[in-house]
Amino acid sequence: MNNAMVVPLLSLVGAGPGDPELITLKAIKTIGQAAVILYDALVNESLLQYAAPGAITRFTGKRYGCHILSQDEINRLIVSDARAYGHVVRLKGGDPFIFGRAAEEIEAARGAGIPVQVVPGISSALAVPAGQMIPLTWRGTAESFWVTTGTTRDGSISRDIHLAARSSATVIILMAMSRLEAIMDIFIDCGKAGLPVAIIQEGSTPREKMVKGTVKDITFRARHAGLSNPAVIVVGEVVNLYDAMLPAHIQGIAGNLNSQTA
């Protein structure tokens, strides 16, 4: 390609929670305009069908336990590909600004003089509970919700978990399965042992699994069911509304399944 014709651009695009139909029209249009697509492990690869003929697609990993490239390497790749080919789409699971490290990639691109645009996506923190009929807010039950990461860069538990556990809000925790027991202990220390919990693994995909329980027993239930990342953890009274949302004949089936995992 003649570099004189290249116009560098970085588009940070949210791919949604996993279901390929839960992506915006603008995201699809932007994918089709890209010369290079750098996509993460949580992105449904069927979305690459929207790429233009001849577009370069590169898998960059980036999920818990899966790091094909480091963040610094991805930043350098964004810059080099944009300069060599033009429009780079950085395709991220969920929404780029919800624990997607988008700010670091924007900083790298702008530091190299490359303009940036953002196409928001549907976050798994919102869509995955909704797909299981769990409302994050409910009049008289939950007036607000927290979305927090379970672990920080060094692997320690986020300090925000301690604050969230003391609140009356619904708490949605991402990237937390490796520290599930310790996180639930924080809720127990706050007197929340009986608070309902749901864990939804690979939400919105055909591989979706959900386990419900309480703060005191959800770790055992999750291990028994073999749950792992990627998963969304929902802590709060709204989890009990799942049953209220189901038709009566389905409630009986769900109740039998829950009793079998006790």
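First, a word on what this report is: a plain description of the structure on this page. (Residues numbered from 1 in each chain as written. Predicted model: local features only at pLDDT ≥ 70, side-chain atom pairs only at ≥ 80, totals over all residues. Heavy atoms only, no water.)

1. Some words on the pattern of salt bridges
Stage number 1. Throughout the structure, instances matching the rule amount to 8 salt bridges.
Stage number 2. Taking the shortest distance from any N to any O, the salt bridge between aspartate 40 and arginine 90 comes out at 2.7 Å. With aspartate 40 in strand 2 (residues 36–40) and arginine 90 in strand 4 (residues 87–92), the pair connects residues that are 50 residues apart, well separated along the chain.
Stage number 3. Aspartate 40 sits in the buried class, given a relative accessible area of 7%.
Stage number 4. Of the charged contacts in the structure, one is a salt bridge between glutamate 105 and arginine 90, with a shortest N-O distance of 3.1 Å. Of this pair, glutamate 105 sits in helix 3 (residues 102–111) while arginine 90 sits in strand 4, and the two are 15 residues apart along the sequence.
Stage number 5. Residue classification places arginine 90 among the buried positions, given a relative accessible area of 0%.
Stage number 6. The network of salt bridges with common partners includes Asp40, Arg90, Lys92 and Glu105. (Salt bridge = Lys/Arg side-chain N within 4 Å of Asp/Glu carboxyl O. Helix = DSSP H or I, 4+ residues; strand = E, 2+ residues; numbered from the N terminus. Buried < 20%, exposed > 50% of the residue type's maximum accessible area, 1.4 Å probe, protein only.)

2. Quick notes on the sheet that holds strand 10 (residues 231–235)
Two modes of strand pairing occur in sheets, parallel and antiparallel, and in both the strands are linked by backbone hydrogen bonds.
Stage number 1. Taken in spatial order, the 5 strands line up as 6-7-10-8-9 in an open sheet, and their pairing is mixed. Edge positions in the open sheet fall to strand 6 (145–149) and strand 9 (209–214), since each of these has one partner strand only. On average, each strand axis in the sheet is inclined to that of its neighbour by 15°, with strand direction left out of account.
Stage number 2. Against the sheet, helix 4 (residues 124–131) makes contact with strand 6, strand 7 (170–174), strand 8 (196–201) and strand 10, and its axis sits at roughly 75° relative to strand 10, the strand it touches most. (Pairing = 2+ DSSP bridges. Axes fitted to C-alpha atoms, helices over the stretch in contact; angles between N-to-C directions. Contact = heavy atoms within 4.5 Å.)

3. Observations regarding the packing of helix 6 (residues 180–189) against helix 7 (residues 218–225)
Stage number 1. Relative to each other, helix 6 and helix 7 sit at 160°, their axes nearing to 9 Å. Relative to helix 7, the element helix 6 is oriented roughly antiparallel. Judged by the sense of rotation from one axis to the other, the crossing of helix 6 with helix 7 is right-handed. Residues Leu180, Glu181 and Met184 of helix 6 lie in contact with helix 7, whose contacting residues are Ile218, Thr219, Ala222 and Arg223.
Stage number 2. Grouping the amino acids of the contact of helix 6 with helix 7 by side-chain chemistry returns 4 nonpolar, 1 polar and 2 charged. (Parallel < 35°, antiparallel > 145°, perpendicular 65-115°, else oblique. Left-handed = near helix turned anticlockwise from the far one by under 90°. Nonpolar A, V, L, I, M, F, W, Y, C, P; charged D, E, K, R; others polar.)

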